[in-house]
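Structural characterization, general
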Amino acid sequence: MIVNGKHYRTVWFEDGMVKMINQHLIPHRFDVAGFRTYRETADAITDMVVRGAGAIGAAAGYAMAQGMLEAPDDMFKEGIREAAEYIRKARPTAQDLFYAVELVLDAAREKNPPEARAAAARTAETIANDNAEACKSIGVLGADLIKSGYRIGTHCNAGWLAFVDWGSALSPIYAAKRQGKEVFVWVDETRPRCQGARLTAWELGQEGIPHAIIADNAAGHYIRRGEMDMFIVGADRIAANGDVVNKIGTYEKAVLCKENGVPFYVAAPTSTIDRKCPDGDSVPIEERDCDEVLSMFGWDGHRMETVRIAPQESQARNPGFDVTPARYVKGIITERGIIEASEKGIAGLQEKT
Ligand code: MRU
């Protein structure tokens, strides 16, 4: 991604630190944060300095590599195990986090500490590179679905910031724009953390793509009036039967699209598929702090401030994700092709490897 004329990735390793674009401050400030230890990096995932499935996965891979650097030679196995356990607890839903931890552990298995550390660093870098490449391919393949003049709905942020580069749901839109097609994007604000209003809107602005932010409960209005030609979202985990777990609010958009004949696509790299989860109901859904619902946060001109909107005595519930059953999904755009959201479609991917 190009920000202020410079190419950035969302997460990278430099000067002994995991660096990441600080997503707390966007769109008001552009700042890069650095983390020296695996615990700091994992805490940055938990605190959502970095968020979005692919970016979380890359950060987790680098955190694992940091864990191996930190583990002393004489307690290497124990040190690695402790790091892996700590990183796996950073967030529960995004499959890429678990995928990255396992890949780095696998690369280091049966090696002595210096070899294991070198293999871990290489693997973490490969995870990040593969994520950026996969997202670029998703863009190229997905752009074929977009006709000039399309008005496209999206939910949450599945753009560059949610991955290492390019994004999943937004990548086809960026590719279509570069092919000279005219596109307009309806951006769901995505309460409670407003990833749509803050992050997706900012990204689209950087790319010069016309868009409008809408309250989450306004999407149905535009879908029913025929003002959306297609809908594309990302995914945090895709189950073996094609059910899609994505940001809370995705399910209702998919149902509304089906009801109104609007094609609803999911874009995700194959690293997001969890074949061990037979269906969406077996995916752990993160329950987040209720204060995110009871309050609003935003920029007061100097800093991020939180203001209470609900009565002091009110309680809330705050699921971070929901399950969209496969039958509502027109297709899953992966780096290896656009597949059917079904057991058959997902199993077919295995044959393509
Ligand atoms: O809670 P977040 O911001 O980490 O949520 C993840 C997401 O960004 C979305 O669910 C997204 O649509 C899929 S991940 C690219």
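Attention here is on the structure that accompanies the text.

Thresholds, definitions, all that
Residues numbered from 1 in each chain as written. Predicted model: local features only at pLDDT ≥ 70, side-chain atom pairs only at ≥ 80, totals over all residues. Heavy atoms only, no water. Helix = DSSP H or I, 4+ residues; strand = E, 2+ residues; numbered from the N terminus. Rg over C-alpha atoms; globule rule 2.2 N^0.38 Å. Buried < 20%, exposed > 50% of the residue type's maximum accessible area, 1.4 Å probe, protein only. Contact = heavy atoms within 4.5 Å. Areas by Shrake-Rupley, 256 points an atom, 1.4 Å probe, with all protein chains shown as cover. Lys, Arg positive; Asp, Glu negative; His and termini not counted. Charge placed at Lys NZ, Arg CZ, Asp CG, Glu CD. Core = buried A, V, L, I, M, F, W, Y, C linked by side-chain atoms within 4.5 Å. Pairing = 2+ DSSP bridges. Salt bridge = Lys/Arg side-chain N within 4 Å of Asp/Glu carboxyl O. Patch = residues over 30% accessible without salt bridge, like charges linked within 9 Å, V, L, I, M, F, W, Y side chains within 5 Å. Near = heavy atom within 4 Å. Polar contact = N/O pair within 3.5 Å; in protein donor to acceptor, adjacent residues only side chain to side chain. 1 Å grid on protein atoms, 1.4 Å probe; cavity = no way out; pocket = protein on both sides within 12 Å on 5 of 7 lines; lining within 4 Å. Sits in = over half its atoms within 2 Å of the grid points. Nonpolar A, V, L, I, M, F, W, Y, C, P; charged D, E, K, R; others polar. Domains from an automatic or database assignment. Phe/Tyr/Trp six-rings, centres within 6.5 Å; stacked < 30°, edge-to-face > 60°. Lys NZ or Arg CZ within 6 Å of the ring centre and 35° of its normal.

1. A few points about the overall build of the chain
A tally of regular secondary structure across the chain gives 11 helices and 18 strands. On C-alpha atoms alone, the chain measures out to a radius of gyration of 20 Å, which is about the 20 Å that the 2.2 N^0.38 rule sets for 353 residues. Counting only C-alpha atoms, the chain reaches 65 × 55 × 45 Å along its principal axes. Put simply, the chain has 353 residues, and 57% of those count as buried. Long-range pairs, those at least 24 residues apart, make up 74% of the contacts in the chain with a sequence separation of at least 6. Put simply, the chain shows about 15000 Å² of open surface, and 50% of that area lies on carbon and sulfur atoms. Across the chain, the mean location of the 42 positive side-chain charges is 3 Å away from that of the 50 negative side-chain charges.

2. Description of the nonpolar core
Val11, Met20, Ile45, Met64, Met68, Ile87 and Val101 are the most contacted members of the largest nonpolar core, which has 43 residues in total. When contributions to this core are tallied by element, the ones reaching two or more residues are strand S4 (17-21), strand S5 (32-35), helix H1 (38-46), helix H2 (53-70), helix H3 (76-88), helix H4 (95-108) and helix H5 (113-143). Here the element with the most residues in this core is H2; it accounts for 11 residues. Each residue touching Val101, except ones within four places of it in the same chain, is listed here: Ala60, Met64, Ala84, Ile87 and Arg88. Ala169, Ile173, Ala176 and Ile333 belong to the second-largest nonpolar core, a separate cluster that totals 36 residues.

3. Topic: the pairing of strand S3 (residues 11-14)
Strand direction decides the pairing type here: S3 and S4, joined by 4 bridges, are antiparallel. Paired with Phe13 across the strands is Val18, a residue of S4. Between S3 and S4, which pair antiparallel and follow one another directly, the connecting turn spans 2 residues, one of which, Asp15, has a positive phi of 50°.

4. Here's the deal with the pattern of salt bridges
Pairs can form between side chains of opposite charge once their charged atoms are near each other. Per the stated rule, a full pass over the model turns up 18 salt bridges. Across the pair Arg151 and Asp229 runs a salt bridge, and its minimum N-O distance is 3.0 Å. Here Asp229 lies in the loop between helix H8 (219-224) and strand S9 (230-233) and Arg151 lies in strand S6 (residues 150-154), a separation of 78 residues in the sequence. For Arg151, a relative accessible area of 28% puts it in the partly exposed group. Of the residues examined, Asp229 reaches a relative accessible area of 23% and is grouped as partly exposed. Measuring nitrogen to oxygen at the nearest pair gives 2.7 Å for the salt bridge that ties Arg178 to Glu207. Taken together, the positions of Arg178 in helix H6 (residues 171-178) and Glu207 in the loop between helix H7 (195-206) and strand S8 (211-214) put the pair 29 residues apart, joining distant regions of the chain.

5. A few points about a negative patch on the surface
A cluster of like negative charges, contributed by Glu40, Asp43, Asp47 and Glu70, occupies part of the molecular surface. With respect to the secondary-structure elements, Asp43 resides in helix H1. Here Asp43 falls in the partly exposed class, since its relative accessible area comes to 31%.

6. Some details on the site of the ligand
If you check the shell around the ligand, you find 17 residues, and the closest are Arg51, Arg91, Asp236, Asn246 and Lys247. Between the ligand and Arg51 there is a distance of 2.5 Å, counted from an oxygen atom to a side-chain nitrogen or oxygen. Taking Lys247, its side chain carries an N or O atom lying 2.7 Å from an oxygen atom of the ligand. Protein contacts shield 100% of the accessible area of the ligand, which totals 400 Å² for the unbound molecule. Placement of the ligand is best described as lying within the largest cavity. When grouped by side-chain class, the residues that make up the shell around the ligand number 8 nonpolar, 5 polar and 4 charged. Composition of the shell around the ligand by domain shows at least three residues from each of domain 1 (2-136) and domain 2 (139-351).

7. Notes on a nonpolar patch on the surface
Taken together, the side chains of Met296, Val307 and Ile309 make up a nonpolar region of the molecular surface, amounting to roughly 260 Å² of accessible area. Relative to the elements of secondary structure, Ile309 occurs in the loop between strand S15 (304-308) and strand S16 (321-324).

8. Structural notes on the packing of aromatic side chains
Applying the stated criterion across every chain yields a total of 11 aromatic pairs. For the ring pair Tyr8 and Trp12, a centre distance of 6.3 Å and an interplane angle of 55° mean the geometry is tilted. Overall, Tyr8 belongs to the buried group, its relative accessible area being 15%. Note on Tyr251 and Tyr328: the rings are 6.2 Å apart at their centroids and 70° apart in plane angle, and the pair reads as edge-to-face. With Tyr251 in helix H9 (residues 250-260) and Tyr328 in the loop between S16 and strand S17 (331-334), the pair connects residues that are 77 residues apart, well separated along the chain. When its relative accessible area of 37% is taken as the criterion, Tyr251 is described as partly exposed. The positively charged end of Arg39 is found above the aromatic ring belonging to Tyr86, 4.3 Å away from the centroid.

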